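The primary structure of each chain is shown beneath.
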Amino acid sequence: MTEQHSPLSRVDVLVVDDTPENIRLLSSMLTREGFYVRKALNGQMALTAVDTLLPDLILLDIMMPDMDGYMVCQRLKANPKTQEVPVIFLSALGDALDKVKAFQSGGADYITKPFQIEEVLARINHHLALKAATQEIRQLNAYLEQRVQERTQQLELAHAQLLKMALSDPLTGLLNRAALVERLELSLHRAAMDASYQFGVLLLDCDRFKIINDSLGHESGDQLLIEISQRLQQLLQPSDVLARLGGDEFVILLTDANQVKDINEFSNLVLEIFSEPFFLQTQQVFINVSIGVVICDSKYDKPEHILRDADTAMYHAKASGKAQSCLFERTMHDSALRFLQLENDLRRAIQEQEFVLHYQPIICLKTSQIVSVEALVRWKHPMRGVISPSEFIPLAEETGLIQPIGLLVLRQACQQLKQWQTQNLVSPDLSISVNLSAHQFIQLDLTKHVYTILAETQLAPHCLKLEITESAIMRNPHLAANILHHFRQQDIQLSMDDFGTGYSSLSYLHSFPMDNLKIDRSFVQSLHEMPSTQGLVPIIVAIAKTMKMKVTAEGIETAEQLAQLRSLNCDFGQGFLFARPLEPEQIIELIAQNPQW
């Protein structure tokens, strides 16, 4: 059956009722309102009419001979071609169980006879609007999914090209890493023989090279590397050395001690030659570099240490804003050592369970009641005191330690809420939100760990809300959807954290069984900057409402932001306006006070 539309593009309403008088009355009223009305006196006639011409909406009686309305609706919903047609039951049956049965069979709405035409029209228009909105979202999702697939294919192609790129000197004609190490050893030998001798090393890294490869292709990237090497060679003296370490990294070795005295001036000359555009296949391209600089003397004894320090200085240059040079200082190496020590301490902290949880309340914006708390981890270091998550979480993610830390946090949060419930300190409906990192989310045994912790703590699954970032989900949307559906089947609540900060989740959002979208604080902070348009917040709220999700705004700091979010019908909020993350005793005191905002 091919989907068709009613004459003159009017809304096609099929009225199904075994009482001719009811059909005549409805038909007359709806026709006057501009609808195209078709009629069916029984269930079989209705199915035939739908098969002949797909209506926009069906008004369906329940009590009919041979085939009642429940069965008609079930058959319509079982057919993929007709399951999206809204069915509104019109019946004299007013018992609650009859209505439940109607909705269980797939009905979209229920109107009790005798009916008022105003109510019928309002319900019809409401469901037609919902249907139109759903169709628009599906069309947008399909378009965005196609764009994402195209973008993914482009990235995969660029990645394959990069893998084929030979990280060797034949591309540029420069020395490779091994040859550079030999030249550095010669300079170190000279420095060992002459304590006054110094030489300079500059490590250059292109700041936007990947963009060139992604946009213009591997061949243009290779050509760009060749042109970069040619420009750099124009700055060198005969005794200087230029090498390509690999990828988009170059090293300049200044062997003339007089040049080393003016190494800052030389670094500026290098930066200056990148101010002019490169021309690749008639395409004008600008690219910057970050430079790490090391002044070497007899204190160094290994080339690897020189390159290590130059690399450290280069990353400091990137962190300072890119397109800059940075001279290596011993404090940078000390910082790197502290980073290593912090990793060792972090491993010990997991064994000693030095992590504690603080809790930030989540407020229902309609009632001002605290309906949930978010568990936030803190590290109590035995020597350094409390260490900020911003300092140790990136390290934990980089080293893979985020997984055992995440399980510790989840177990501790579930134990705490269960303890509060047992002591009657909180409402049985209070839930606790726990963040899952991107590294945790890709673990195959994640669901097993979560179910085990719930069983051990005896916390009801519906009291746990797992917060997953948009970026974590988009790493593998299909795997993510499967994991989330498993959690949903166990009645665990799900929330998409930082929604709107990614670029492709909307195309997959309908696949994720989310209960809640969490608006990133950056959008909330911009409310006062764009009071007339309110930025993207109204759009995010509308998306969530359309998809039957709740919305939580984080980062609320002012009464003005709270008022704006309430006006937009945002469901929940959290932020410093209500409370900072609190220790367990403090959050219980706050809940007991029942504050109003």
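My aim in this report is to walk through the structure given alongside it, one point at a time. What you see is a predicted model, and the numbers here were worked out from it, not measured in a lab.

## A short note on the overall build of the protein chain
Thought 1: A tally of regular secondary structure across the protein chain gives 22 helices and 21 strands.
Thought 2: Relative to the globule expectation of 25 Å for 597 residues, the C-alpha radius of gyration of the protein chain, 33 Å, shows a markedly less compact shape.
Thought 3: With the C-alpha coordinates of the protein chain rotated into their principal frame, the extents come out at 110 × 65 × 45 Å.
Thought 4: Across the 597 residues that make up the protein chain, the buried fraction comes to 48%.
Thought 5: Considering only residue pairs separated by 6 or more positions, the protein chain has 68% of its internal contacts joining residues 24 or more positions apart.
Thought 6: For the protein chain, the exposed area adds up to about 29,700 Å²; of that, 52% sits on carbon and sulfur atoms.
Thought 7: Side-chain charges in the protein chain split into 51 positive and 72 negative, and the spacing between the mean points of these groups amounts to 4 Å.

## Considerations on the sheet that holds strand 4 (residues 87-91)
Thought 1: Pairing in this open sheet of 5 strands is parallel, and the strands run 2-1-3-4-5 from one edge to the other. Edge positions in the open sheet fall to strand 2 (36-40) and strand 5 (109-112), since each of these has one partner strand only. Strand after strand, the sheet turns through a mean of 20° between neighbouring axes, direction not considered.
Thought 2: Judged from the 5 bridges that link them, strand 1 (residues 12-16) and strand 2 form a sheet pairing that is parallel. Paired with Val15 across the strands is Lys39, a residue of strand 2.
Thought 3: Along the sheet face, helix 1 (residues 20-32) touches strand 1, strand 2, strand 3 (57-60) and strand 4 and points at about 170° away from the line of strand 2.
Thought 4: The sheet contacts of helix 3 (residues 69-78) involve strand 3 and strand 4, and relative to strand 4 the element is tilted by about 175°.

## Remarks on the packing of aromatic side chains
Thought 1: Here the structure, examined in full by the defined rule, presents 10 aromatic pairs.
Thought 2: Ring geometry for Trp379 versus Phe392: centroids 5.6 Å apart, planes at 85°, classification edge-to-face. In this pair, Trp379 is assigned in strand 14 (residues 370-381) and Phe392 in helix 13 (residues 389-399), connecting sequence segments 13 residues apart.
Thought 3: With a centroid separation of 5.2 Å and 85° between ring planes, the pair formed by Phe578 and Trp597 is classed as edge-to-face. Taken as a pair, Phe578 in the loop between strand 21 (572-574) and helix 22 (584-593) and Trp597 in the segment after helix 22 lie far apart in primary sequence, 19 residues in all.
Thought 4: The class for Phe578 is buried, based on a relative accessible area of 7%.
Thought 5: The class of Trp597 is partly exposed, set by a relative accessible area of 26%.
Thought 6: Grouped by ring-pair contacts, the aromatic residues Tyr70, Phe89 and Tyr110 constitute a single cluster.
Thought 7: The ring of Phe572 carries Lys465 above its face, with NZ or CZ at 5.9 Å from the centroid.
Thought 8: Positioned above the aromatic ring of Phe576 is the side chain of Arg580, whose terminal nitrogen or guanidinium carbon lies 3.9 Å from the ring centre.

## Looking at the sheet that holds strand 11 (residues 289-296)
Thought 1: Overall, mixed pairing links the 5 strands, which are arranged 7-8-6-11-12 in an open sheet. The open sheet is flanked by strand 7 (241-246) and strand 12 (325-327), the only strands paired with a single partner. If you compare each strand with its neighbour and ignore which way they point, the axes differ by 20° on average.
Thought 2: Pairing of strand 7 with strand 8 (residues 249-254), which is carried by 5 bridges, proceeds in the antiparallel orientation. In the strand pairing of strand 8, Leu242 is matched with Ile252.

## Some details on the pattern of salt bridges
Thought 1: Tallying each qualifying case throughout the model produces 20 salt bridges.
Thought 2: When the shortest N-O distance is used, the salt bridge between Lys318 and Asp205 registers 2.8 Å. Remark: Asp205 occurs in strand 6 (residues 199-206) and Lys318 occurs in helix 11 (residues 303-319); sequence separation between them is 113 residues.
Thought 3: The residue Arg384 makes a salt bridge to Glu391 at a minimum N-O spacing of 2.8 Å.
Thought 4: You can call Glu391 partly exposed: its relative accessible area is 35%.

## A few points about helix 16 (residues 446-457)
Thought 1: With 12 residues, helix 16 should reach 16 Å at 1.5 Å per residue; the first-to-last C-alpha distance of 17 Å fits that figure.
Thought 2: Of all the positions in helix 16, only Leu446, Thr447, Val450, Ile453, Leu454 and Thr457 are classed as buried. Each buried residue of helix 16 sits inside an arc of 130° when the element is viewed along its axis, so together they form one side. Opposite the buried face of helix 16, at more than 90 degrees from it, the exposed residues are Lys448 and Ala455.
Thought 3: Looking at the buried side of helix 16, the elements it contacts are helix 14 (402-422), strand 16 (431-436), helix 15 (438-441), strand 17 (464-469) and helix 18 (477-489).

## A closer look at the environment of Val37
Thought 1: Positionally, Val37 belongs in strand 2.
Thought 2: Filtering out sequence-adjacent residues up to four positions away, Val37 remains in contact with Val13, Val15, Ser27, Leu30 and Thr31.

Thresholds applied
Residues numbered from 1 in each chain as written. Predicted model: local features only at pLDDT ≥ 70, side-chain atom pairs only at ≥ 80, totals over all residues. Heavy atoms only, no water. Helix = DSSP H or I, 4+ residues; strand = E, 2+ residues; numbered from the N terminus. Rg over C-alpha atoms; globule rule 2.2 N^0.38 Å. Buried < 20%, exposed > 50% of the residue type's maximum accessible area, 1.4 Å probe, protein only. Contact = heavy atoms within 4.5 Å. Areas by Shrake-Rupley, 256 points an atom, 1.4 Å probe, with all protein chains shown as cover. Lys, Arg positive; Asp, Glu negative; His and termini not counted. Charge placed at Lys NZ, Arg CZ, Asp CG, Glu CD. Pairing = 2+ DSSP bridges. Axes fitted to C-alpha atoms, helices over the stretch in contact; angles between N-to-C directions. Phe/Tyr/Trp six-rings, centres within 6.5 Å; stacked < 30°, edge-to-face > 60°. Lys NZ or Arg CZ within 6 Å of the ring centre and 35° of its normal. Salt bridge = Lys/Arg side-chain N within 4 Å of Asp/Glu carboxyl O. Expected span 1.5 Å × (residues − 1). Arc of directions from axis to C-beta.

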